[in-house]
Amino acid sequence: MADRPAGHWATVADPDASSVVEFRRSPRRVRLAMVLAVLVGAALLTFYTVVFDEAWWKVLLRFGMIGAAVGLTTNWQLRRQPRLPLRLTDGTLQMSGPKGTTLSIDWVDVASAQVRGRLDPRLVIVPRDPQQARPPMRAGQWSTPGRGPYELVVQLSWMEPGTDALRRELTRRLPAS
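I will try to describe carefully the structure that is included in this document. Everything numeric in this text was worked out from a predicted model, so none of it was measured.

In this fold, Thr 92 is placed in strand 3 (residues 92-96). When residues no more than four places from it in sequence are discounted, the contact partners of Thr 92 are Arg 87, Ile 105, Asp 106, Trp 107 and Arg 134.

In structure tokens form, the structure reads like this:
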């Protein structure tokens, strides 16, 4: 210990420490995104009313209806998908599902798990044997139209501790192929 340069501290890993990592939505990040969305929307509304010389309330009604329709459709499509919180333990990958259910997949049963996208990050998980998941998966039960019947997609927007931490944990926990 005397050979250590000044300012360097020795760290000792606690062998009894839990290696469970939980990823959940950050309320602070959600609020920040909402404030930014309102500011950008106000700027676009102002720009549109000035350029096209139209009453602001007519523009707001028109584009507000379109935004509400898109939001409701997206919400309806994402209802069946697994979602945060996402929990990584030594033995399993656990995620929340519709109606408060929890889906657990052992790491040895995960064929692939990748974090895709930067602006709209999502975790794409493909199980080796869907029947080994707890509860056993049926085709299309947790997936969205246009995806594989057992492909799970978890939206990671506004997640903490962040996608980089999730990538590191997946690299550390997934069995080498």
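The next subject is the sheet that holds strand 5 (residues 110-116). Here we have three strands laid out as an open sheet, ordered 5-6-7, and antiparallel in their pairing. Two strands in the sheet have a free side with no partner beyond their single neighbour: strand 5 and strand 7 (152-155). Taken over all neighbouring pairs, the strand axes of this sheet differ in orientation by 15° on average, direction set aside. Summarising the sheet, strand 5 and strand 6 (residues 122-127) pair through six bridges and their orientation is antiparallel. Residue Val 110 lies in a different strand from strand 6, and its bridge partner there is Pro 127.

Moving on to the nonpolar core. Phe 23, Met 95, Leu 123, Ile 125 and Leu 166 are the most contacted members of the largest nonpolar core, which has 25 residues in total. Those elements that provide at least two residues to this core are strand 1 (21-25), strand 2 (83-88), strand 3, strand 4 (102-106), strand 5, strand 6, strand 7 and helix 3 (163-173). Once residues lying within four places of it in the same chain are set aside, the contact partners of Leu 123 are Leu 86, Ala 113, Gln 114, Val 115, Leu 152, Val 153, Val 154, Leu 156, Leu 166 and Leu 170.

The rules we used
Residues numbered from 1 in each chain as written. Predicted model: local features only at pLDDT ≥ 70, side-chain atom pairs only at ≥ 80, totals over all residues. Heavy atoms only, no water. Helix = DSSP H or I, 4+ residues; strand = E, 2+ residues; numbered from the N terminus. Contact = heavy atoms within 4.5 Å. Pairing = 2+ DSSP bridges. Axes fitted to C-alpha atoms, helices over the stretch in contact; angles between N-to-C directions. Core = buried A, V, L, I, M, F, W, Y, C linked by side-chain atoms within 4.5 Å. Buried < 20%, exposed > 50% of the residue type's maximum accessible area, 1.4 Å probe, protein only.

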